[in-house]
Amino acid sequence: MTGLPEMDEDLHLNGTERICVDGDITLIPSPTNSPNDPLNWSIWRRYWHAFLVLFFVALTAATSNDAGTAGNGMNLELGISWDQINIAAGVLFIGIGYTTLLLGPAPFLYGRRISYLICLLSSVVGSIWLARTQNTTDNILSQLFVGASESCAEALAQLSLSDLFFQHQRGLVLGLYVLATSVGTFMGPLVAGFITDSPIGWRWVGWCGAIISGSLFFIFYFALEETFFERNNPIHGHAASPGQADPTSTDLPLDKKEGLIASVQPTPSETPSDRDLDEECGQEKGKTYFQRIALITPSPTLVGTGFKQYGRRLLHTLRVFTFPAVLYSGLQWGAQDAWLTFYLTVEEDNWYEAPWNYSDAAVGIMNVPTLIGSVIGCIYGGWFSDFFVMWMAKRNGGIFEAEHRLWLLLPVAFVGPAGLMLFGIGSDKGWDWHLPYLGLGFIGFGWGCAGDLSMAYLMDAYPDMVLEGMVGVSVINNTIGCLFTFTAQNWLDAQTLSQVFIAIGILSFCFIMTTVPMIYWGKKCRKMTRKQYEAFLRLRDGPS
């Protein structure tokens with residue numbers, strides 16, 4: 001295998017890498033020889049950390065989607081109208097998207113852990129407020145805090161997972177991320193439905209959320225390790241594969257058992273300080289347990305409290321909205337949030353009546369086919385997509401292009417809209433449950449695929465801009481979700497369910513088919529934004 005310096009210039013382009021030659025895989029990012037590098041952690045340690053992050057994602061998705069089920073109880077007991085409940089749902093989207101933006105600079109200045117703990121505290125506050133709701137204002141403010149609690153699941157979770165796994169594993173990792181989001185999104189209303197139907201009543205939807213969030217706060221405080229790692233620090237060195245001439249090359253073979261380089265040796269040119277090295281063996285010291293769970297892990301570039309840097313980074317993050325891949329991914333994920341509002345509203349408004357006469361628990365069970373579809377979609381868009389891009393790279397002379405994943409979205413352009421139309425028309429005409437439930441399964445499949453593949457594309461295209469890219473996606477998708485939430489009820493009142501769902505099915509098809517121009521012009525867009533991307537990273541990581 002040859003080193004990157006001998007490759008064509010295009011191979012240095014973000015999202016264009018040599019990842020597969022004669023069965024070997026380039027590891028991106030390059031592993032270091034530091035015991036503090038999360039990529040060098042043992043498998044169980046990495047998987048345990050990933051499990052904690054994914055559990056957080058599922059929990060916050062559940063608490064963000066269970067208030068609608070509790071809404072029936074609010075309506076009967078407190079007289080809060082469904083229009084007011086929909087306003088609270090719109091505020092929820094605002095809380096998610098714009099808290100994601102506001103917390104964006106924190107992981108690079110203060111480490112990852114502090115943001116998770118802040119969000120869990122927000123979840124506790126919002127859940128308790130929901131449980132003690134007495135009027136419309138209480139409901140709206142509770143959803144603002146609950147929405148803020150999900151902000152870490154929108155961007156920081158992907159960054160934490162990318163800290164732990166290599167680029168060629170991102171399809172699987174993002175598949176698990178979207179799966180966790182799907183489990184929370186669809187199981188939250190299911191569990192809330194059973195709670196609402198039980199003797200303890202709808203307020204325990206909030207109390208249960210508060211208890212679980214509070215418990216997770218303590219687990220995170222003592223068990224979630226910091227994954228922030230300064231990869232550009234010369235102290236850490238880079239791993240070199242046996243026989244490789246260039247020790248800084250990223251063209252490295254993959255160890256088939258561990259997913260890491262088999263042997264890691266420091267380069268002769270390293271001159272680390274005595275403070276960071278074990279004097280006996282000449283290797284960098286591993287952090288102690290209390291260092292790994294410190295509340296704040298300051299960035300090496302942090303100046304004082306970092307408040308000025310925080311403001312500059314926050315403004316700097318706004319530049320991500322000039323990258324086409326961010327706009328594309330935000331549109332795909334935002335559309336799924338928009339359609340979520342419509343079919344959940346119809347479930348909660350229409351299926352309690354004849355001919356179905358469902359209870360709260362039965363309406364909650366309607367999320368099961370959607371969850372099954374999303375699981376299949378996550379396998380297709382996650383695990384299978386990793387094999388697909390490897391196969392595409394082999395056909396492309398060993399060169400992986402970020403746009404390879406997007407081909408898998410084309411079937412979704414037909415399956416997802418078909419599901420929306422099946423469910424909407426079936427709900428309008430009073431069909432037996434079979435076809436509407438099949439439609440929900442198709443909708444879930446589209447949910448799992450669209451989010452997974454579009455976010456994986458963004459991470460492949462701009463691998464060093466994961467957090468900021470996901471912040472941009474969150475702002476876009478939650479803004480779209482908010483707009484549709486505020487307008488959904490008026491649209492449903494103005495037209496029949498069949499007309500509305502045929503229209504949003506066509507919109508869904510058009511949104512997903514924006515994948516075609518991205519496949520065709522995506523690489524050209526990446527070339528056009530290459531200098532812009534490099535300037536973004538220099539401004540972000542340079543001296544303040």
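Data block above holds the structure.
Residues numbered from 1 in each chain as written. Predicted model: local features only at pLDDT ≥ 70, side-chain atom pairs only at ≥ 80, totals over all residues. Heavy atoms only, no water.

Details of the overall build of the protein chain
A count of helical and extended segments in the protein chain gives 21 helices and four strands. Put simply, the protein chain has 544 residues, and 59% of those count as buried. Long-range pairs, those at least 24 residues apart, make up 83% of the contacts in the protein chain with a sequence separation of at least 6. Total accessible area on the protein chain stands at roughly 21,800 Å², and carbon and sulfur atoms take up 66% of it. (Helix = DSSP H or I, 4+ residues; strand = E, 2+ residues; numbered from the N terminus. Buried < 20%, exposed > 50% of the residue type's maximum accessible area, 1.4 Å probe, protein only. Contact = heavy atoms within 4.5 Å. Areas by Shrake-Rupley, 256 points an atom, 1.4 Å probe, with all protein chains shown as cover.)

Thoughts on the pattern of salt bridges
Applying the stated criterion across every chain yields a total of 11 salt bridges. Where E403 meets R526, a salt bridge forms, and the shortest distance between an N and an O atom there is 2.7 Å. Taken together, the residues span a long stretch of sequence, with E403 in the loop between β4 (399–401) and α16 (412–429) and R526 in helix α20 (residues 515–528) at a distance of 123 residues. Accessibility classification places E403 together with R526 in one group, the buried group. Its salt-bridge partner being R530, residue E534 comes within 3.4 Å of it at the nearest N-O pair. Residue E534 and its partner R530 are both found in helix α21 (residues 530–541); the two are separated by four residues, about one turn of the helix. A residue is classified by how much of its surface remains accessible, and E534, at 32% relative accessible area, is partly exposed. (Salt bridge = Lys/Arg side-chain N within 4 Å of Asp/Glu carboxyl O.)

So, α21
Across its 12 residues, α21 extends 17 Å between first and last C-alpha, which sits within 8% of the 16 Å expected from 1.5 Å per residue. Those residues of α21 not exposed but buried are Y533, F536, L537 and R540. Along the axis of α21, the buried residues cluster in a sector spanning 90°; they form a single face. Of the exposed residues in α21, those oriented more than 90 degrees away from the buried face are K531, R538 and L539. Buried-residue contacts for α21 involve α4 (106–110), α12 (307–317) and α18 (466–494). (Expected span 1.5 Å × (residues − 1). Arc of directions from axis to C-beta.)

Things to note about the environment of W431
Summarising the element assignment, W431 is placed in the loop between α16 and α17 (434–461). Taking C-alpha positions, W431 is 8.6 Å from P355, a pair spaced 76 residues apart along the chain. Apart from the residues within four sequence positions on either side, W431 is in contact with W356, L422, I425, G426 and P436.

Points about the side chain of T345
As for its position among the elements, T345 is in helix α13 (residues 324–350). Leaving out residues up to four positions away in the same chain, T345 has contacts with Q489 and L492.

Focus on the nonpolar core
Counting residues in each nonpolar core, the largest one holds 113 residues, and the members touching the most others are W339, Y343 and F501. Per element, the largest residue contribution to this core is 14 residues, and it comes from α17. If you look at the next biggest cluster of nonpolar residues, it comprises nine residues, including A70, I195, W202 and V205. (Core = buried A, V, L, I, M, F, W, Y, C linked by side-chain atoms within 4.5 Å.)

Points about a nonpolar patch on the surface
Judged by side-chain polarity, W44, W48, F51, F55, I200, W204, I211, I212 and I219 come together as a nonpolar surface patch covering roughly 930 Å² of accessible area. Those elements that place two or more of their residues in the nonpolar patch are α1 (43–65) and α10 (203–223). With respect to the helices and strands, I200 occurs in the loop between α9 (170–197) and α10. (Patch = residues over 30% accessible without salt bridge, like charges linked within 9 Å, V, L, I, M, F, W, Y side chains within 5 Å.)

Some words on unusual backbone geometry
In this model, A354 is joined to P355 through a cis peptide bond whose omega is 10°. As for its position among the elements, P355 is in the loop between α13 and α14 (360–365). A positive phi angle, close to 55°, is found at N357, a residue other than glycine. With respect to the helices and strands, N357 occurs in the loop between α13 and α14. With a relative accessible area of 53%, N357 lands in the exposed category.

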